Amino acid sequence: MAKLSANKVNLFYGDNHALKDVTLKMDANTVTAFIGPSGCGKSTFLRLFNRMNDLIPHVRIEGDIVVDGEDIYSKEVSVDLLRKNIGMVFQKPNPFPKSIFENVAYGMRVNGIRDKHYINERVETSLKQASLWTEVKDKLKKSAFELSGGQQQRLCIARALAIEPSVVLMDEPTSALDPLATHKIEELVFNLKADYTIVIVTHNMQQAARVSDKTAFFYLGELIEYDDTNNIFTKPREITTQNYITGRFG
Amino acid sequence: MDKAHKIIRQKKVSQGIAFSIFGIITSIVVLILCGILYFIFVRGWPAMSWKFLTSMPTNGMTDGGIYPAIIGTFCLIGGSMLFAFPIGVLSGIYLNEYLLDGKLKSFINMMTNNLAGVPSIVFGLFGMALFVNKLKFGDSILAGSLTLGLLALPVIIRTTEEALKSVDDAYRIASLALGASKLQTVRKVVLPIAFPNILTGLILSVGRVSGETAPILFTVAAYFLPRLPHSIYDQVMALPYHLYVICTSGTDIVASRKMAYGTALVLILIVLISNILAGIVRSYFTRKNKI
Amino acid sequence: MRRLRKIIEKIVEGVLAMSAAITSITVLLIIIFLFDEGLSIFSKKPVDDDTVIAVNSSNPVSKLTGLQIKDIFDQKITNWKQIGGKNDSIKLFRLDEAGTTFTEQQMGSNFERLAICVDSYVVRTPGVLLYFSSKYIPKDFHGKRIEIANITPYSFLMGKQWFPTAQPVAQLGVLPLILGTLWVTLGAILFALPFGLATAIFMAEIANHKVRNYLKPVVELLAGIPSVVYGFFGLIVIVPAVQKIFNLPVGESGLAGSIVLGIMALPTIITISEDALRTTPRALKEASLALGASHWQTIRRVIVPYASSGITAAIILGIGRAIGETMAVLMVTGNAAVIPHSYFEPLRTIPATIAAELGEAAYGGLHFKALFALGCILFIMTFIINLIFEFIAKKKKY
Ligand SMILES: Nc1ncnc2c1ncn2[C@@H]1O[C@H](COP(=O)(O)OP(=O)(O)O)[C@@H](O)[C@H]1O
Ligand SMILES: [Mg+2]
């Protein structure tokens, strides 16, 4: 069974038809990349899976979004629990105005975990998973803003991992970072695959080619093509896809 | 799983409690604030009449009207704006369009902010020392207007600056690229766009100035002067001071209560009207600009 | 033509620059005028200039402070021994005493010989303390004039009594007024802060667009209502209510003042805190929600901490407004110049004192100068508060 799936999803921002009949299935422990020119609906689609679009007024959603076999837009589903299970990393590093430690511990605290030992342990593990531990272990009490941009983004990844999600959604996580920091994050994504299902939005095609198993190409709100990353980049079926990856537009 | 649901429920409950508390407190605040308005309206309305607005106070200010105080307040509004508006707008233009970020700008900004924070009674002392005594204007419309004008200056500078800041730089660049000089750019391009917001600021500061009491206590306000001013060197009665007088030190405080309610209502109406007017100006120009 | 235009541009720029300089000049002028008049109080004596205070020439006492003179008049000091003189009781001699000591014949029908009488009385009475108008002191006076100490900054700031027109010596202690100001301000903020902050949070985060669009103009309108109107409302509604609820002899009190000032500070605190709360980046809120936090947890743990410096700035500005507020406080606090002991008693603030007394103070006199000195204190207080405000408002988040 697919870990994440969308079935005939349409989304409207008021009159703006932002997603058109999108159907897509993603398996557990894979990395899926969303590519496409900006404004084509990648972020919108990604944010469906943790119901982040709920926050925007005048949004209308049609179709089914299913996570672990459960329709996450049904009434019985608790949004808080869903979001605990589905971590998210944003375009720009956005640590809280708190210490490094408190940033990572935040998710546990808001989910009612009070056990100090457990929290300490999780913070350390998550920072290690995000390969940040050695750099920050001596300054956990320092403000998160003292870190560099790349470190901040890895902190945000650690923050997302700390509450043990099974899925991590990443919306252009490296677009604000320099090549070296980007490389570190890509490495990280590769290592995390064993334990998590990862969806990564990018408009950097080399990045998609490097880190993902599968790639979905979006154009003007439609899912044009979805296949193994290899196939997408070597023998795309659709002409639009081909134009895009050969750099004819976007 | 069960524990997770318990936590979710706890979160929901505490959010519900917190939001209700905030809602209740907000309602209380709104109730207090609207209560004040309602109180003055209900008690002041019966006092309102044509006679009240257009006749002199009589019987030791327990009867008659507040005509000279209204005229006095309008003189002070006019005088202070005549002084503060041009200077405020000009300095706003200088600060935003001409002066580059740097020490001088932050110094002037600091001074302007400090002037904005000076208590109104200190303006009163200063106006008395400089305008009334040093420059020998005496207790006069001139002295009072200048004092009030200085008080209003920081507000007008700030709103002008804000208005100019909200003008897109693209307009400036386009104008300069067409060979217009800086002055032409400011006059023909930037100012017209910023004008509605500047006007809004002016109208709001009129409301502010009309109610100030402390600055006019010792520079212009007359306790009782049932005639209209002849020149800018005359004293006048003014609405806020009149209200203060008849509810604390009039000849018969209880008998003049009705007058007091009426005066308070007139003061509120001036503020209300200036706020509404500012709103109309703002929305009129936003609509016009959209087309 | 080109040249002319350039010249015009330069002139316009000059005019603009001059306008921009006016606020700075005003601040400087305020400082000069206020402090020139206010500080000159420290070169004055607390007695009228035309009053002569003198003793018998054999009396070793040559200096007295204002307080000592007051105590002698109040008969708290009755013997020269108490103030460093010989063991001899103090015989106060004023115009009143002259009328009972000398006959009309001795003084002359138009008091033309009063000066001589006074002189001889001082010479023949070793324990005398003369307090007399200089008009009746002869040129060749045989007594010893007493030097009265100038008013010192310490006695001014720390003095506990404010009776600026008291006889024989003015009591110019501003401590009660400073404390009164601080008390009322503190009370106002304690009242306005929770209410204002809660309302700001409600408006910024909880209320929907429609509700907010109604609330915003109401708050703006209330920020514009003149302070005399608030004072009037306080006088008619809050003062009697306070009196009734707490069963007080008079309703005019620190509490009434705090409530009225608190209400007046609400719009400032609400507006600035709401703006600060709104500056929280959406990404930060989303990050919190994406971790499973509820909206309330996000407000409490992310939005409020992020806006904390803006909220602090709002409080500081509210304090500044409250300290300088004049009319409303004047109308509802009862204006008793005593060191405040409880919120249920009348008290008096610096601005209210200036507003109430400046009209009666003789131009250039001691009382007049003392009120300007009060103005200086007020100016310094608000100046410092403004600097703190600027510092906090400018402080970077990162
Ligand atoms: N909050 C929003 N409100 C209204 N329209 C939005 C919003 N976010 C995105 N859109 C619109 O939806 C479309 C898809 O946007 P997005 O999903 O952000 O694209 P991408 O991430 O691929 O660049 C765009 O046309 C955009 O204008
Ligand atoms: Mg996007």
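Residues numbered from 1 in each chain as written. Chains lettered and ligands numbered in written order. Predicted model: local features only at pLDDT ≥ 70, side-chain atom pairs only at ≥ 80, totals over all residues. Heavy atoms only, no water.

A. Region of the structure containing the overall build of chain B. Each helix and strand counted, chain B has 11 helices and two strands in total. Along chain B, helices (α) and strands (β) appear in the sequence α-α-β-β-α-α-α-α-α-α-α-α-α when read from the amino end. Relative to its length of 291 residues, chain B is extended, with a C-alpha radius of gyration of 24 Å against a globular reference of 19 Å. The proportion of buried residues among the 291 residues of chain B is 53%. Approximately 13100 Å² of chain B is accessible, and the part contributed by carbon and sulfur atoms is 67%. Within chain B, one finds 25 positive and 12 negative side-chain charges whose respective centroids are separated by 6 Å. (Helix = DSSP H or I, 4+ residues; strand = E, 2+ residues; numbered from the N terminus. Rg over C-alpha atoms; globule rule 2.2 N^0.38 Å. Buried < 20%, exposed > 50% of the residue type's maximum accessible area, 1.4 Å probe, protein only. Areas by Shrake-Rupley, 256 points an atom, 1.4 Å probe, with all protein chains shown as cover. Lys, Arg positive; Asp, Glu negative; His and termini not counted. Charge placed at Lys NZ, Arg CZ, Asp CG, Glu CD.)

B. Examining the interface of chain C and chain A more closely. Taken residue by residue, the interface counts 19 residues in chain C and 24 residues in chain A. For the chain C and chain A pair, buried surface summed over both sides reaches about 1800 Å², with 65% attributable to carbon and sulfur atoms. Its largest share of buried area at the contact with chain A, chain C owes to Ala290(C), Leu291(C) and Arg301(C), together 34% of the area lost on that side. The interface formed by chain C and chain A holds one salt bridge in total. (Contact = heavy atoms within 4.5 Å. Buried area = accessible area lost by both parts, 1.4 Å probe. Salt bridge = Lys/Arg side-chain N within 4 Å of Asp/Glu carboxyl O.)

C. Inspection of the sheet that holds strand β3 (residues 31–35) of chain A at higher detail. Residue and element names in this part refer to chain A. Spatially, the six strands line up as an open sheet ordered β6-β7-β8-β3-β9-β10, and their pairing is mixed. Two strands in the sheet have a free side with no partner beyond their single neighbour: β6 (86–89) and β10 (222–228). Strand after strand, the sheet turns through a mean of 15° between neighbouring axes, direction not considered. In this structure, strand β9 (residues 214–219) lies alongside β10, joined through six bridges in antiparallel fashion. (Pairing = 2+ DSSP bridges. Axes fitted to C-alpha atoms, helices over the stretch in contact; angles between N-to-C directions.)

D. Just a nonpolar patch on the surface, in detail. On the surface, Ile273(B), Ile276(B), Leu277(B), Ile280(B) and Tyr284(B) cluster together into a nonpolar patch covering about 490 Å² of accessible area. For Tyr284(B), the position within the fold is in helix α11 (residues 257–290). (Patch = residues over 30% accessible without salt bridge, like charges linked within 9 Å, V, L, I, M, F, W, Y side chains within 5 Å.)

E. Quick peek at unusual backbone geometry. Residues and elements named next belong to chain C. Look at Gln 75: it is not a glycine, yet its phi comes out positive at around 60°. By the element assignment, Gln 75 lies in the loop between α2 (66–73) and β3 (91–93). What makes Gln 75 exposed here is its relative accessible area of 63%. Of note, Asn 247 is a non-glycine position whose phi angle comes to about 55°, a positive value.

F. Here's a closer look at the site of ligand 1. Residues and elements named next belong to chain A. In the vicinity of ligand 1, the contacting residues are Tyr 13, Asn 16, Ala 18, Ser 38, Gly 39, Cys 40, Gly 41, Lys 42, Ser 43, Thr 44 and Ile 56. Within the backbone of Lys 42, a nitrogen or oxygen atom sits 2.9 Å from an oxygen atom of ligand 1. For ligand 1, an oxygen atom lies 2.4 Å from a polar atom in the side chain of Thr 44. Look at ligand 1: alone it shows 560 Å² of surface, and the protein chains cover 64% of it. Elements supplying a minimum of two residues to the shell around ligand 1: β2 (16–26) and α1 (42–46). (Near = heavy atom within 4 Å. Polar contact = N/O pair within 3.5 Å; in protein donor to acceptor, adjacent residues only side chain to side chain.)

G. Region of interest: the interface of chain C and chain B. The partner chain B presents 74 residues to the 74 residues of chain C that form the contact. Between chain C and chain B, the buried area comes to about 6700 Å², and carbon and sulfur atoms account for 81% of it. Among the residues chain C hides against chain B, the three largest losses belong to Leu16(C), Phe232(C) and Trp296(C). Together they make up 10% of the total. Where chain C touches chain B, the interface holds zero salt bridges. At the boundary of chain C with chain B, the tally comes to seven residue pairs in polar contact (both at pLDDT 80 or more). Of all the elements, helix α1 (residues 2–39) of chain C adds the most residues to the side of chain C that touches chain B, at 20 residues. A class-by-class count of the residues in the side of chain C that touches chain B yields 53 nonpolar, 16 polar and five charged. (Nonpolar A, V, L, I, M, F, W, Y, C, P; charged D, E, K, R; others polar.)

H. Up close: the domain arrangement of chain B. Residues and elements named next belong to chain B. When its domains are assigned, chain B resolves into domain 1 (2–47) and domain 2 (50–290). Each side of the interface is counted separately: domain 1 has nine residues, and domain 2 has nine residues. Counting each side, the surface lost to burial between domain 1 and domain 2 is near 820 Å², with a carbon and sulfur contribution of 83%. When the buried area of domain 1 at its contact with domain 2 is split by residue, Ile 40, Phe 41 and Ala 47 rank highest and sum to 59% of it. In this assembly, domain 1 and domain 2 are joined by zero salt bridges. Taken together, the links from domain 1 to domain 2 amount to one residue pair in polar contact (both at pLDDT 80 or more). The class makeup of the residues in the side of domain 1 that touches domain 2 is seven nonpolar, one polar and one charged. (Domains from an automatic or database assignment.)

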